[in-house]
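Each chain is listed here by its residues.
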Number of protein chains: 2
Amino acid sequence: MGERSLLKIGEFAHVGQVSVVTLRHYEKEGLLKPLTLDPQTGYRYYALEQLPRLHRILALKDLGFPLDHIARLLEDDLPLEQLQGMLTLKQAQTQQMITAEQERLTRIAARLHQIEQEGKLPTYDMLLKQVDAVRVASYRATVLFHGGFEQSTARILAYLHEKQIEPIGPTIIQLHSRSEQREDGLYIDMETAIPISTHLAGTEQIAIRTLSGGSMVSTIYAGVNLLMGQAYAALYCWIKDNGYQIIGPPRLLRLQHGEHIDASHYVTELQFPVARQAPN
Amino acid sequence: MGERSLLKIGEFAHVGQVSVVTLRHYEKEGLLKPLTLDPQTGYRYYALEQLPRLHRILALKDLGFPLDHIARLLEDDLPLEQLQGMLTLKQAQTQQMITAEQERLTRIAARLHQIEQEGKLPTYDMLLKQVDAVRVASYRATVLFHGGFEQSTARILAYLHEKQIEPIGPTIIQLHSRSEQREDGLYIDMETAIPISTHLAGTEQIAIRTLSGGSMVSTIYAGVNLLMGQAYAALYCWIKDNGYQIIGPPRLLRLQHGEHIDASHYVTELQFPVARQAPN
DNA sequence: GCTTGACTCTCATGTAAGGAGAGTGTGTAA
DNA sequence: TTACACACTCTCCTTACATGAGAGTCAAGC
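All values reported here derive from a predicted model rather than from experimental measurement. (Residues numbered from 1 in each chain as written. Chains lettered and ligands numbered in written order. Predicted model: local features only at pLDDT ≥ 70, side-chain atom pairs only at ≥ 80, totals over all residues. Heavy atoms only, no water.)

Participant: Provide a residue-level description of the protein's contact with DNA strand C, including the pertinent values.
Facilitator: The environment of DNA strand C is made up of 19 residues, and the closest members are A:Gly10, A:Arg24, A:Arg44, B:Pro66 and B:Leu67. Within 4 Å of the protein, the contacting atoms of DNA strand C are 95% sugar and phosphate, with bases supplying the remainder. Between DNA strand C and B:Tyr43, the relevant distance is 3.3 Å, taken from a sugar or linking oxygen to a side-chain nitrogen or oxygen of the residue. Among the elements of the structure, α1 (9-16) of chain A together with α2 (20-28) of chain B are those that each provide at least two residues to the surface near DNA strand C. It is α2(B) that provides the largest number of residues to the surface near DNA strand C, a total of four residues. Residues that form the surface near DNA strand C fall into these classes: eight nonpolar, six polar and five charged. (Near = heavy atom within 4 Å. Polar contact = N/O pair within 3.5 Å; in protein donor to acceptor, adjacent residues only side chain to side chain. Helix = DSSP H or I, 4+ residues; strand = E, 2+ residues; numbered from the N terminus. Nonpolar A, V, L, I, M, F, W, Y, C, P; charged D, E, K, R; others polar.)

Participant: Hey, could you go over the interface of chain A and chain B for me, with residue numbers and the actual values?
Facilitator: Chain A puts 68 residues into the contact, and the matching count from chain B is 68 residues. Buried area between chain A and chain B, summed over both chains or domains, comes out near 6200 Å², and the portion from carbon and sulfur atoms is 65%. By the criterion of area lost to chain B, the three top residues of chain A are A:His55, A:Ile108 and A:Leu127, representing 10% of everything that side buries. The closest approach of N and O atoms between A:Arg56 and B:Asp125, which form a salt bridge, is 2.8 Å. For the side of chain A that touches chain B, the secondary-structure elements that each account for two or more residues are α3 (51-62), α5 (80-118), β4 (127-131), β10 (214-222) and β12 (251-256) of chain A. For the side of chain A that touches chain B, the element with the highest residue contribution is α5(A), accounting for 22 residues. Looking at side-chain class alone, the side of chain A that touches chain B contains 31 nonpolar, 22 polar and 15 charged residues. (Contact = heavy atoms within 4.5 Å. Buried area = accessible area lost by both parts, 1.4 Å probe. Salt bridge = Lys/Arg side-chain N within 4 Å of Asp/Glu carboxyl O.)

Participant: Lay out the sheet that holds strand β1 (residues 6-8) of chain B in plain terms, naming residues and giving numbers.
Facilitator: Residues and elements named next belong to chain B. The three strands lie next to each other as β1-β3-β2, forming an open sheet whose pairing is antiparallel. Only two strands of the sheet have a single partner each, and these edge strands are β1 and β2 (36-37). Relative to strand β3 (residues 44-47), β2 is paired through two bridges, and the arrangement is antiparallel. When the sheet's bridge partners are listed, Thr-36 is paired in β3 with Tyr-45. Contacting β1 and β3, helix α1 (residues 9-16) crosses the sheet at an angle of about 95 degrees to β1. (Pairing = 2+ DSSP bridges. Axes fitted to C-alpha atoms, helices over the stretch in contact; angles between N-to-C directions.)

Participant: Report on the relation of the copies chain A and chain B, specifying residues and quantitative values.
Facilitator: Between chain A and chain B, the superposition needs a rotation of 180 degrees and an axial shift of 0.1 Å, giving an RMSD of 0.3 Å. Look at the turn and shift together and you get a two-fold axis relating the two. Taking C-alpha positions as the reference, the residue of chain A nearest the rotation axis is A:Ile98, at 3.0 Å. With an isologous cut-off of 70% or more, the 100% of interface residues of chain A that recur at the interface of chain B puts this contact in the isologous class. (Least-squares fit on C-alpha atoms with pLDDT ≥ 70 in both.)

Participant: Describe the pattern of salt bridges, with residues and values.
Facilitator: Under the definition given, this model contains 20 salt bridges over all chains. The salt bridge involving A:Arg111 is made with A:Asp125; its shortest N-O contact spans 2.8 Å. In this pair, A:Arg111 sits in helix α5 while A:Asp125 sits in the loop between α5 and β4, placing the two residues 14 residues apart along the sequence. As far as burial versus exposure is concerned, A:Arg111 and A:Asp125 are alike and both buried. Beyond isolated ion pairs, a larger network of salt bridges with shared partners links A:Arg56, B:Arg111 and B:Asp125. (Buried < 20%, exposed > 50% of the residue type's maximum accessible area, 1.4 Å probe, protein only.)

See below:
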């Protein structure tokens, strides 16, 4: 020690506290070339004076930069503004990642919460998804909860058939109010909507309109679940736990229903339009 | 729609809002097999009833699980505790990652701060590293800052030479107090230490002891910088900005020094032992 | 001068989760 | 019939290395 000398890769790796493989990798990436290369043996020889550069590489890696960015940052003629720009950008990205991870943390906690509540494997899987706006033919009325939409659906389908238009997606039901009990059954204000591709005029009863898209919390279940109580409740909890707020009526997508299908094979998606709750 | 049917991979991908490639990938990973496979054509056919499973996969992926963990989580006979365990573990990991990212954010901010202060590319790169404890032969005295350690080093080396012991690392100088000006120069209480591998008895002057290891904030610079003012200051700022506290005397590692070496080729590492500041 | 063990070289492959793209051969629907 | 969807295989690409194979080199002891 104390003598000026060239180090073999292993020695340099040792003082730099990195692996030999890492040094070779950095050379390949053009980050740190050995001072000399023995043309006979191919041995790499490093000088201790290269240690500050290695140190800088590690420091930048520690800031989260990928190696190719570090290569740019190490260029001698890099203008100061660009350096600052890259750092500021990285700062923003890191902030964003933290936010994302925190949301994920909340989702995990919500899931654990759900398991505790139900005391078993959760039945419903919540997912936040983006939904496109879609043009529909819709019919809105306050009808019997059980079977009410069958009539509505039939009514719209008849109209579309008459106009020779085919549906382009599953029937969507918007539940505009919570159900209310009357003497002859459970009633609800629901809008039955069938997606179509073409524009046409509606009738007094059947409106041609566009269902808005946006962020939806969604869950899908198979089988019959007429009251959807559990799914509804689970979704409601999830939205609350994860700091969202409901900004519209829930939707029911009848992905696989019908008279000649056994009820146990029904597939339904339940969606709530949501937005991030303003953090007050 | 509304009819029970088998979907081709493209259709299923569409309703599930994933890519065809993804579905094939999931099949290969054993996460989601198509309901039937046409032996003639190899076409995959999915049932809508598989949508909840896909949904669950996506939800778990959203929680941050890798695909092989999801495969385990999807097993029917997974005991509840194991599910909870995996979620709790993931929760802890996510929390840890958030903490790490926040520290990174602080480091980036410190770096930007440093650039602003210096008004140019920062000269010193700070890195937090773990240092092992090391046995040394050391000599402590209040000596002239300039050249004082040369004598100390020579003294230790003479002793080691007499005992036929070779140093196993660069000379370490611990600065036990800040420098003080006297009439004939700048004095400092410094301990010069040379790493050795064997244990042996010391003398009145030369102690054989162990330098403790631990977390060190380190910077390396090449060239002569006798007062180390800038490096010292930069390191000091970094430690403060990043919420650490200094828990011991700074160390100077003379990685490449010596009489027959040009001062511009000196390589020195400056280390401060630190600990996380208790968040009060 | 020889052996031995530690070290070094190059090259290839693997990682997670697919994305992108090409090439080639069928299937399905209007 | 003509698009288009789908099949299969293959490769390369992403990050920052780790791991290993097979071969050559260095320094030290005998």
